[in-house]
Amino acid sequence: MSRMNVVPPSPGPAAQNFLSRAHGLFINGQWVAPRSGKHFDVFDPGTGQKIATAAAGEAADIDAAVAAARTALTGPWAKFTAAERGKLLWKLADLVEQHAQELIELEILDNGQPLAIAQYVVRHVVPDFFRYYAGWPTKIEGATIPAAPQGRRPGDVLSFTLREPIGVVGAIIPWNAPLPMLMVKLAPALATGCTLVLKPAELTPLTALRMAQLCTEAGVPEGVVNVVTGFGETAGAALAAHPGVDKIAFTGSTEVGRLIVKAATGNLKKVSLELGGKSPVIVFADAALEQVIPGAARACFFLQGQNCMAGTRLYVHEKVHDRVVEGVAQIARTMQLGHGLDPASQFGPLISAEQRERVRGFVEAGKREGGELVCGGGAPTRPGYFFEPTVFARMRADMTPVKGEIFGPVLCVQSFDDSDLDRIAAEANNTIYGLSGSVWTRDIGLAMQMVRRIDSGQVSVNMHAALDPAIPFGGNKQSGWGREFGKEGLEPYLKTKAISVAW
Ligand code: NAI
Ligand code: MG
């Protein structure tokens, strides 16, 4: 591990001004104080210092936000043409670009990610996503159906479908990528004409509050987008159980995903879930190692491993095992840890002291259970919640770090010396999760045979975690319900009305 700057550069005046404000809840187009009067502190994970306070919304605030969203559903928003909804999303993309520097700084201070990632997210990922969904409202179409209900003859009846907004959406999002998580819920909700109550993670409430202001500036009518900051057990649980919510879109832990499903049973609201992952990265002996090595390091260490798609189980053919392990470990050892605002930093902190202890627990278990610790495994002595990028080799399927979603920078390497693809796939699929995965080989036939065998919502070849607004994303097995991104990402926000007209 190389030089570490301990004192971060200061954010610019726009971000500083935002941080110093007394933040309220954004309900019905207004900033309001939480009914309970309670606030909570927001910390910079890169320093451990308090940087802001946010309002602790609770059940009464969720009630108010849901009521506003319900009213807004039939207000001026319902009169927006599809083209106008598209324009609004496009405008939102423009505004993100105009306020990019401030959003980048807030995202880094809130979440800890390195500058290069925040810049890429704010300048490209988010605007591209809003613009992709800006194209959809004008293309959401039902169908005409050649049906003959109740013995009618063709020409005497017409059956067709309307795609309607599902209604009031409750969105509950995590802290690992706050702006992309918000974008993934907000864009399809606006594209389809829904209204939204968003509950950001208590660890990262800041950019959602800034985005609420930008929504108003973009022309989103009052009540269409509401942001209630607060804790999962209070604000989140109240939203998930609320009888006035038609659909919950959740991203987070599998454990909370289960609670969301239970909470939804009261009014049988629809639920989409993006949950945990433990994705395999499978490297065959003929793969281009100069691509595999940086690719595997990135697959695991991106966002310090706090990433549901992270490639945390690396399966390498015995012939190239040692070279791959040494190459990835070399990258891990030389990654520059540091505060995200420092342009030299390549690797940021974990989100919280608690998360760091969780990661440390997995690493200690791996050592106890006989894993070979190749590099990392500890926390550097510096402020902030840093943890070293860690590589374990010679792991077995039954070891704790191989089984659980660590959500930290811990790569578990296993090897295979097998030509039976079913057996390799059985190992790769030996997990409760099924979100992402990748196959690395120059042999396209082999790649495709392997792709067919992997039980994941997404598999990439010679790359990992291929994301694009147009590529559907979501999990099999306990990684979730439904898909986000792309055309499929609209589906959870729509309902179909079948209409038959006789004359
Ligand atoms: P979490 O699942 O508790 O938090 C995600 C969101 O759910 C937050 O907004 C939180 O306030 C909310 N929430 C928590 N409890 C709730 C409840 N009872 N009802 C409604 N909403 C609730 O995740 P946490 O505790 O921050 O992280 C723990 C572990 O979860 C991580 O170590 C990681 O393994 C996993 N995780 C996975 C994510 C993913 O994208 N797959 C994202 C975040 C965490
Ligand atoms: Mg939790």
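The structure presented is a predicted model; accordingly, all values stated were derived computationally and were not measured. (Residues numbered from 1 in each chain as written. Chains lettered and ligands numbered in written order. Predicted model: local features only at pLDDT ≥ 70, side-chain atom pairs only at ≥ 80, totals over all residues. Heavy atoms only, no water.)

This part takes up helix H15 (residues 444–453). For H15, the set of buried residues is Leu446, Ala447, Met450 and Val451. The buried residues of H15 occupy an angular sector of 135° when the element is viewed end-on, so they sit on one face. Its side-chain oxygen at 3.0 Å from the backbone nitrogen of Gly445, Asp443 defines the N-terminal cap of H15. (Buried < 20%, exposed > 50% of the residue type's maximum accessible area, 1.4 Å probe, protein only. Helix = DSSP H or I, 4+ residues; strand = E, 2+ residues; numbered from the N terminus. Arc of directions from axis to C-beta. Polar contact = N/O pair within 3.5 Å; in protein donor to acceptor, adjacent residues only side chain to side chain.)

With that out of the way, let us pick up the domain arrangement of the protein. Structurally, the protein comprises domain 1 (27–40 + 47–275 + 480–500) and domain 2 (280–468). Placing the centre of domain 1 and that of domain 2 at their C-alpha centroids yields a distance of 31 Å. With 22 residues of domain 1 at the contact, the number on the domain 2 side is 27 residues. Across the domain 1/domain 2 interface, buried area totals approximately 1,900 Å², and carbon plus sulfur atoms make up 70% of it. Taken together, domain 1 and domain 2 are joined by zero salt bridges. At the surface where domain 1 touches domain 2, the tally comes to two residue pairs in polar contact (both at pLDDT 80 or more). Counting only elements with at least two residues in the side of domain 1 that touches domain 2, the list comes to helix H4 (100–111) and helix H5 (115–134). (Domains from an automatic or database assignment. Contact = heavy atoms within 4.5 Å. Buried area = accessible area lost by both parts, 1.4 Å probe. Salt bridge = Lys/Arg side-chain N within 4 Å of Asp/Glu carboxyl O.)

For the rest of this paragraph, the subject is a nonpolar patch on the surface. The grouping of Leu158, Val501 and Trp503 at the surface amounts to a nonpolar patch, some 310 Å² of accessible area in total. Here Trp503 shows up in the segment after strand E20 (494–502). (Patch = residues over 30% accessible without salt bridge, like charges linked within 9 Å, V, L, I, M, F, W, Y side chains within 5 Å. Areas by Shrake-Rupley, 256 points an atom, 1.4 Å probe, with all protein chains shown as cover.)

Following the sequence through the fold, Gln16 ends up in helix H1 (residues 13–20). Overall, Gln16 belongs to the partly exposed group, its relative accessible area being 39%. In contact with Gln16, not counting residues within four places along its chain, are Ser10 and Pro11.

With that settled, the discussion passes to the packing of H4 against helix H7 (residues 206–218). Where H4 meets H7, the closest approach of the two axes is 8 Å, and the angle between their N-to-C directions is 155°. Overall, the two elements H4 and H7 adopt an arrangement that is roughly antiparallel. Counted together, Glu102, Leu103, Leu106, Glu107 and Asp110 of H4 and Leu206, Thr207, Arg210, Met211 and Leu214 of H7 form the full contact between these two elements. Split by residue class, the contact of H4 with H7 holds five nonpolar, one polar and four charged. (Axes fitted to C-alpha atoms, helices over the stretch in contact; angles between N-to-C directions. Parallel < 35°, antiparallel > 145°, perpendicular 65-115°, else oblique. Nonpolar A, V, L, I, M, F, W, Y, C, P; charged D, E, K, R; others polar.)

Before going further, it helps to spend a moment on the pattern of salt bridges. Scanning the entire structure with this criterion turns up 20 salt bridges. Between Arg35 and Asp61 there is a salt bridge; the shortest N-O distance is 3.4 Å. Placement of Arg35 in the loop between strand E2 (30–32) and strand E3 (39–43) and of Asp61 in helix H2 (residues 59–73) is noted, with a sequence separation of 26 residues between them. Residue Arg394 pairs with Glu318 through a salt bridge whose shortest N-O separation is 3.5 Å. Remark: Glu318 occurs in helix H11 (residues 318–334) and Arg394 occurs in the loop between strand E15 (390–393) and helix H13 (400–403); sequence separation between them is 76 residues. Sharing partners across several salt bridges, the network here consists of Asp94, Glu97 and Arg131.

Moving on: the side chain of Thr441. As for its placement among the helices and strands, Thr441 is situated in the loop between strand E17 (438–440) and H15. At a separation of 2.9 Å, a polar atom in the side chain of Thr441 contacts the main-chain amide nitrogen of Asp443. Sequence-distant contacts of Thr441, that is, excluding residues within four places in its chain, are made with Phe284, Asp286, Ala287, Leu446, Ala447 and Asn462.

Moving on, we get to the site of ligand 1. In the vicinity of ligand 1 there are 26 residues, among which Ile173, Trp175, Lys199, Glu202 and Ser253 approach most closely. Between ligand 1 and the protein, one listed contact pairs an oxygen atom with a side-chain N or O atom of Gln355 at 2.9 Å. Protein coverage of the free-state accessible area of ligand 1, which is 810 Å², stands at 88%. When residues of the shell around ligand 1 are traced back to their parent elements, those giving at least two are helix H8 (232–241), strand E10 (247–251), helix H9 (254–263) and helix H12 (353–368). Classifying every residue of the shell around ligand 1 gives 14 nonpolar, eight polar and four charged. Viewed by domain, the shell around ligand 1 spans two of them, domain 1 (27–40 + 47–275 + 480–500) and domain 2 (280–468), each represented by three or more residues. (Near = heavy atom within 4 Å.)

Moving on, we get to the packing of helix H3 (residues 82–98) against helix H6 (residues 178–192). Packing of H3 against H6 brings their axes to within 8 Å, and their N-to-C directions diverge by 155°. Taken together, the axis directions place H3 and H6 in an arrangement best described as roughly antiparallel. For H3 against H6, the interelement crossing comes out right-handed. The residues of H6 that touch H3, namely those facing Arg85, Leu88, Leu89 and Leu92, are Leu186, Ala187, Leu190, Ala191 and Thr192. For the contact of H3 with H6, the per-class residue count stands at seven nonpolar, one polar and one charged. (Left-handed = near helix turned anticlockwise from the far one by under 90°.)

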